[in-house]
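# Chains, contacts and geometry: an overview
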Amino acid sequence: MPFNPLSILNGAADATGAGGSIRTAIANASQKTGIDFNYLMGQAKLESGMRSNAHSGTSSASGLYQFVDQSWLRVVKAHGAEHGLGWAANAISTSASGKAVVNDPATRQAILSLRNDPTAASLMAAEHASDNKGAIEGSLGRAATSTDLYMAHFLGLGGARQFLTAMQANPDRSGAAMFPAAANANRSVFYDSTGAPRSLGQIYGRFAAKLDAAGATQPTDATSGLSATRLGEWGADVIPGNGEQSTSDAAVWAQNTLAQLSGTTSLGGSLAGTRTETASLLRPTPNTARLAYMMLATMGA
C-alpha cells in the first residue's frame, strides 16, 4: 500500500501509549500478516506494557515491541517496502560482516524512531514473527506456538532454535547456563525468587502463561521489566546518539510544511509529551528537514 505521510504524525501522537490507538495498530498488523492478534497483544504487553515510547535501561531496545537497533534495521530492510517504508528499506545496507548499516546519521535516527510509531512497530513485529514462524517450523518439524514465536523475539531466531531444540532433548537443563548474557539482563526470567536458576521447561512454561494472560486481558501502563539481549542471527547491538530532534517534533514541523503548501491550517499542540507550541516555531534540523522532504516526495509519487 502507498506510504501515508500522516502515519508518522499519528504514530508520534500515539507515543503516550493510548490503548485504543495501539490496539487498532495491532489489529491492522494482524489482519495484514495473518499473525494472531492475541499473540501480538500479549507480546506488546510483555515487552513494553503497551507503551509505544518505552525504552530499555540495559540495551538499545525501544518501542512497543522493544526492538534493538540491529533487529529493527534488519526487519525494516526485509519488509519495510511492503508497508510503504521503501525510503527506509532502501537506505539500509548490509556490511561485509552482516551488520545493517545506514550511512546518513539523520536517516538512521529517523528509521530507528519508527520503533515508537505503533503502526510501524506492530507491522514489523508481525512480519518478524511470520519470518520466525516459518524458520522455526522448518527447523523443528512441527507447528510453531505463540510461545515459540516469543522465544524467537526474546532470544533471536538462532537463540530460540537452540533453546527449543535443547528443551525437547532435556527440559530440565538450566536456561542461565545456556544463555548467560540474556540471564544477566533478565534475572527474573532465568532465576526464581531464591536465586535458583530456572530450567528451560520452566522458562518456557512461564512465558506461555504470561502470553495467555496478557493476550486475554486489557493493557496496562506498567512495564514488564524485561530487557532481553536479542541474541541469535540479529547480530551486535549498536546504540545511536546523534542528539537529533525527536520524531514527535519532526512530525509536527514536517506536517506544518505540508499544511502550508496545501493551504490548510497550521498544526500545533502537544505530541508524545513534547512542548505545546505551533509547528511553525519548531526549528528545522537535518532530521526534520529530511522527514518533510520524504513526506513531500511520497505525496508527489
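Each value, and the rule that gives it
Residues numbered from 1 in each chain as written. Predicted model: local features only at pLDDT ≥ 70, side-chain atom pairs only at ≥ 80, totals over all residues. Heavy atoms only, no water. Axes fitted to C-alpha atoms, helices over the stretch in contact; angles between N-to-C directions. Helix = DSSP H or I, 4+ residues; strand = E, 2+ residues; numbered from the N terminus. Parallel < 35°, antiparallel > 145°, perpendicular 65-115°, else oblique. Contact = heavy atoms within 4.5 Å. Nonpolar A, V, L, I, M, F, W, Y, C, P; charged D, E, K, R; others polar. Core = buried A, V, L, I, M, F, W, Y, C linked by side-chain atoms within 4.5 Å. Buried < 20%, exposed > 50% of the residue type's maximum accessible area, 1.4 Å probe, protein only. Expected span 1.5 Å × (residues − 1). pLDDT = per-residue confidence, 0-100. Salt bridge = Lys/Arg side-chain N within 4 Å of Asp/Glu carboxyl O. Phe/Tyr/Trp six-rings, centres within 6.5 Å; stacked < 30°, edge-to-face > 60°. Lys NZ or Arg CZ within 6 Å of the ring centre and 35° of its normal.

Between helix α4 (residues 69–79) and helix α6 (residues 105–113), the least distance of the axes is 10 Å, while the angle of their chain directions is 90°. The orientation of α4 relative to α6 falls into the category roughly perpendicular. For the pair α4 and α6, contact is made by Asp69, Trp72, Leu73 and Val76 and by Arg108, Ile111 and Leu112, respectively. Partitioning the contact of α4 with α6 into residue classes produces five nonpolar, no polar and two charged.

Before going further, it helps to examine unusual backbone geometry. With a phi close to 65°, Met50 is a non-glycine residue in the positive phi region. Locating Met50 in the fold gives a position in the loop between α3 (37–48) and α4. The phi dihedral of Gln66 falls on the positive side, at around 50°, and the residue is not glycine. Along the chain, the position of Gln66 falls in the loop between α3 and α4.

Judged by nonpolar contacts, the single largest core of 63 residues is most densely connected at Ile26, Tyr65, Trp72, Ile111, Phe163 and Phe190. The residues contacting Ile26, other than those within four sequence positions of it, are Phe37, Leu40, Met41, Ala44, Met50, Leu64, Tyr65 and Ser122.

In a regular helix each residue adds 1.5 Å, so 24 residues correspond to 34 Å; helix α8 (residues 146–169) covers only 20 Å between its end C-alpha atoms and thus falls short of that length. Counting buried residues in α8 gives 17 out of 24 residues, a clear majority hidden from the surface.

Quick look at the confidence of the model for the chain now. Overall, the prediction assigns the chain a mean pLDDT of 75, with 65% of residues at 70 or greater. In this model residues 1–17 is a low-confidence stretch, pLDDT under 50, and it forms 49 contacts with partners more than four residues away in sequence or in other chains. Here residues 292–301 is modelled with pLDDT under 50, and outside its nearest four sequence neighbours on either side it reaches 15 contacts, counting other chains as well.

As enumerated under the stated definition, the model contains four salt bridges in all. Among the salt bridges present, the one from Lys133 reaches Glu137, with a minimum N-O distance of 3.0 Å. Remark: Glu137 and Lys133 occur in helix α7 (residues 118–140); sequence separation between them is four residues, near one turn of the helix. Among the salt bridges present, the one from Asp148 reaches Arg142, with a minimum N-O distance of 2.6 Å.

Let us now look at the packing of α7 against α8. In the contact formed by α7 and α8, the axes pass within 10 Å of each other and the chain directions differ by 10°. Judged by the angle between their axes, α7 and α8 are roughly parallel. Of the residues in α8, those touching α7 at His128, Ala129, Asn132, Lys133, Ala135, Ile136, Ser139 and Leu140 are Asp148, Leu149, Ala152, His153, Leu157, Arg161, Leu164, Thr165 and Gln168. When grouped by side-chain class, the residues that make up the contact of α7 with α8 number eight nonpolar, six polar and three charged.

Here we come to the environment of Ser71. Summarising the element assignment, Ser71 is placed in helix α4. Look at Ser71 and you get buried, because its relative accessible area is 2%. Sequence separation between Ser71 and Lys99 is 28 residues, and the spatial gap between their C-alpha atoms is 10.0 Å.

Turning our eyes to something else, we now look at the environment of Gly175. Relative to the elements of secondary structure, Gly175 occurs in helix α9 (residues 175–178). Here the alpha-carbon distance between Gly175 and Ser199, two residues 24 residues apart in the chain, equals 5.4 Å.

Glancing now at α4. With eight of 11 residues buried, α4 is to be regarded as a mostly interior element. Every buried residue belonging to α4 is among Asp69, Gln70, Ser71, Trp72, Leu73, Val75, Val76 and His79, and all of these are buried. Buried residues along α4 sit in contact with α5 (86–91), β1 (92–94), β2 (100–102), α6 and α7.

Within the structure shown, the criterion is met by six aromatic pairs. Centre to centre, the rings of Tyr150 and Phe154 are 6.2 Å apart; their planes meet at 15°, and the pair counts as stacked. Residue Tyr150 and its partner Phe154 are both found in helix α8; the two are separated by four residues, about one turn of the helix. Grouping residues by exposure puts Tyr150 and Phe154 together as buried. Members of the aromatic cluster, connected to one another through ring pairs, are Tyr150, Phe154, Phe190 and Phe207. Geometry around Tyr191 places Arg187 over its ring, the cationic atom sitting 4.2 Å from the centre.

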